[in-house]
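Each chain, letter by letter, is given below.
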Amino acid sequence: FNLSSSGISVGGAISATGTVRLTGGGGSLALTASNSYTGLTTIESGCQLIILNNNALGSTNAGTVVQAGGSVRFTTQGNWTVAEPLTLNGYGLASSAGALYANNGNATGNNATWTGPITVASPSQIRIVNTNVTMTLANSVIGNQQTLQCSEVNTGDILTFQNTLSLGNDPV
């Protein structure tokens with residue numbers, strides 16, 4: 001998907017082999033269906049992928065990579081659980097930080113749980129904003145001498161690590 005300046009919402013299922021790659025540096029892709037594609041999902045700089053279904057990222061075989069300047073996001077109120085392996089690079093969008101990001105769309109509450117393992121491949125940021133947003137990282141979060149900045153912005157925001165958090169000697 002080439003996202004030059006606006007957003008695209010895909011309501012139909014994406015299936016079969018192959019990858020999903022967000023390029024173009026200026027827009028968002030909202031995935032609303034339960035997808036079953038088996039390839040890698042890559043989010044390039046300036047692009048954001050908005051999760052609107054627990055299986056939006058397809059099969060968990062290949063995982064999702066957020067490149068520096070990109071972001072994977074939960075932006076609509078709900079209870080989300082994503083089992084995808086995730087690799088984080090960078091601090092997210094220049095206009096709205098967070099390589100992994102959750103807000104509640106100005107509604108009350110949004111609960112996101114990431115059950116796949118997370119690799120911090122370069123200095124990165126996880127950010128939750130608005131009131132009463134929770135994000136639970138249920139699997140390991142691992143990096144080799146990497147910095148992970150975690151931000152909770154408003155009242156009632158909670159970020160929980162339920163498993164191993166290992167980044168080496170750099171600060172969390």
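In this text the structure is predicted, and so the values were computed from the model without any measurement. Starting afresh in each chain, residues are numbered from 1 along the sequence in its written order. pLDDT decides what is reported in this predicted model: residues at 70 or higher carry local features, side-chain atom pairs at 80 or more are listed and counted, and totals for whole chains, interfaces and linings draw on all residues regardless. The side-chain values count all of the structure's non-hydrogen atoms but skip hydrogen atoms and water molecules.

A.B. asks: If you had to explain the pairing of strand β5 (residues 48-51) to someone new, which residues and values would you point to?
C.D. replies: Think of it in three bands: with a 1.4 Å probe and only protein chains considered, a residue is buried below 20% of the maximum accessible area for its type, exposed above 50%, and partly exposed in between. Every helix listed is a DSSP run of H or I at least four residues long, and every strand listed is a run of E at least two residues long, numbered separately from the N terminus. Because side chains alternate across β5, one face comprises the buried residues Q48 and I50, and the other comprises L49 and I51, equally buried. In this sheet, β5 lies alongside strand β3 (residues 28-31) in parallel orientation, the contact comprising four bridges. Paired with S28 across the bridge in β5 is Q48. Two strands form a pair only when DSSP identifies at least two bridges running between them.

A.B. asks: If you had to explain the pattern of salt bridges to someone new, which residues and values would you point to?
C.D. replies: Throughout this description, the term salt bridge denotes a Lys or Arg side-chain nitrogen within 4 Å of a carboxyl oxygen of Asp or Glu. Summed over all chains, the structure comprises one salt bridge. Two residues, R21 and E44, come together in a salt bridge whose shortest N-O distance is 2.6 Å. With R21 in strand β2 (residues 20-22) and E44 in the loop between β4 (41-43) and β5, the pair connects residues that are 23 residues apart, well separated along the chain. Judged by its relative accessible area of 38%, R21 is partly exposed.

A.B. asks: Any chance you could break down the nonpolar core for me, citing the residues and the numbers?
C.D. replies: Definition of nonpolar core: a set of buried residues of the types Ala, Val, Leu, Ile, Met, Phe, Trp, Tyr and Cys, connected through side-chain atoms within 4.5 Å. Among the nonpolar cores identified, the biggest contains 36 residues, and F74, L100 and W114 are the most heavily contacted of them. The greatest single-element share of this core, amounting to four residues, is contributed by strand β12 (residues 118-128). Those residues in contact with F74 that lie beyond four places of it in its chain are I51, W80, V82, L100, Y101, A102, N103, N110, A112, W114 and M135. Should any heavy atoms of two residues lie within 4.5 Å, those residues are counted as being in contact.

A.B. asks: So what about the packing of aromatic side chains? Which residues, and what values?
C.D. replies: Put simply, two rings from Phe, Tyr or Trp (the six-membered ring, in Trp's case) pair if the centres are within 6.5 Å, and we call them stacked under 30 degrees between planes, edge-to-face over 60, tilted for the rest. Per the counting criterion, the structure on display carries one aromatic pair. Arranged with centres 6.0 Å apart and planes meeting at 80 degrees, the rings of F74 and W114 form a pair that is edge-to-face. Here the residue F74 occupies a position in strand β7 (residues 71-74), and W114 occupies one in strand β11 (residues 110-114), the gap between them amounting to 40 residues. The pair F74 / W114 is uniform in exposure class, with both members buried. Across the ring face of Y101, the terminal group of R73 is positioned such that the distance to the ring centre comes to 3.8 Å. Cation placement over rings: the criterion is NZ of Lys or CZ of Arg within 6 Å of the ring centroid and within 35° of the ring normal.

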